[in-house]
Every structure is written in C-alpha cells, then in structure tokens.
Amino acid sequence: MSQETVPDQAAPDQAVPAQPKGLLQQMEELMAALNADLSQLDADLSGPRTASTDGPDAA
C-alpha cells in the first residue's frame with residue numbers, strides 16, 4: 001500500500017512550480033462564480049416584493 005501512496009505524493013511535487021499559477025487560476029474562477037451568484041441574488045432581491053416580506057421587516 002505504501003508503494004501506491006509514494007507515486008501519488010511524487011506527482012504533486014513535480015507540479016510545485018505550476019502550483020501558484022494553478023491556485024491563482026482557481027481563485028479567479030471562484031471569484032467569477034461568486035460574482036455571478038451575487039449578481040443573481042441581487043436580481044432576485046430586486047424583483048417584485050410580496051406583502052409577506054414587509055410584515056416581518058416592519059416588526
């Protein structure tokens with residue numbers, strides 16, 4: 001079993017120089033997804049409001 005673990009650990013070690021770029025790319029993708037989610041949420045919240053949302057807010 002340890003022989004299977006060693007090659008798996010060796011592969012990330014070889015990719016260490018590319019890892020920061022990969023992390024940056026992942027962060028950019030996550031930020032783009034977050035912005036899209038927030039834009040959708042904003043659109044949903046900006047839509048027509050029902051009377052039921054005014055009740056709990058007023059209390």
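The structure presented is a predicted model; accordingly, all values stated were derived computationally and were not measured.

Parameters at a glance
Residues numbered from 1 in each chain as written. Predicted model: local features only at pLDDT ≥ 70, side-chain atom pairs only at ≥ 80, totals over all residues. Heavy atoms only, no water. Helix = DSSP H or I, 4+ residues; strand = E, 2+ residues; numbered from the N terminus. Buried < 20%, exposed > 50% of the residue type's maximum accessible area, 1.4 Å probe, protein only. Areas by Shrake-Rupley, 256 points an atom, 1.4 Å probe, with all protein chains shown as cover. Patch = residues over 30% accessible without salt bridge, like charges linked within 9 Å, V, L, I, M, F, W, Y side chains within 5 Å. Salt bridge = Lys/Arg side-chain N within 4 Å of Asp/Glu carboxyl O. pLDDT = per-residue confidence, 0-100.

Trainee: Outline the overall build of the protein, supporting the account with residue identities and numerical values.
Mentor: Along the protein, the regular secondary structure elements total three helices and zero strands. For the protein, the N- to C-terminal ordering of α and β elements is α-α-α. For the protein, the residues scored as buried account for 0% of the 59 residues in total. As displayed, the protein offers around 5,500 Å² of accessible surface, 60% of which is attributable to carbon and sulfur atoms.

Trainee: Mind laying out a nonpolar patch on the surface, listing which residues take part and the relevant values?
Mentor: On the surface, Met31, Leu34, Leu38, Leu41 and Leu45 cluster together into a nonpolar patch covering about 470 Å² of accessible area. When you line up the elements, Leu45 lands in helix 2 (residues 19-46).

Trainee: Give a description of the confidence of the model for the protein that names residues and reports values.
Mentor: Keep in mind that low pLDDT regions are not for reading the predicted coordinates in detail. Taken as a whole, the protein shows an average pLDDT of 73; of its residues, 49% reach a score of 70 or greater. For the protein, helix 1 (residues 2-14) is the element with the lowest average pLDDT, namely 53, and helix 2 is the one with the highest, namely 91.

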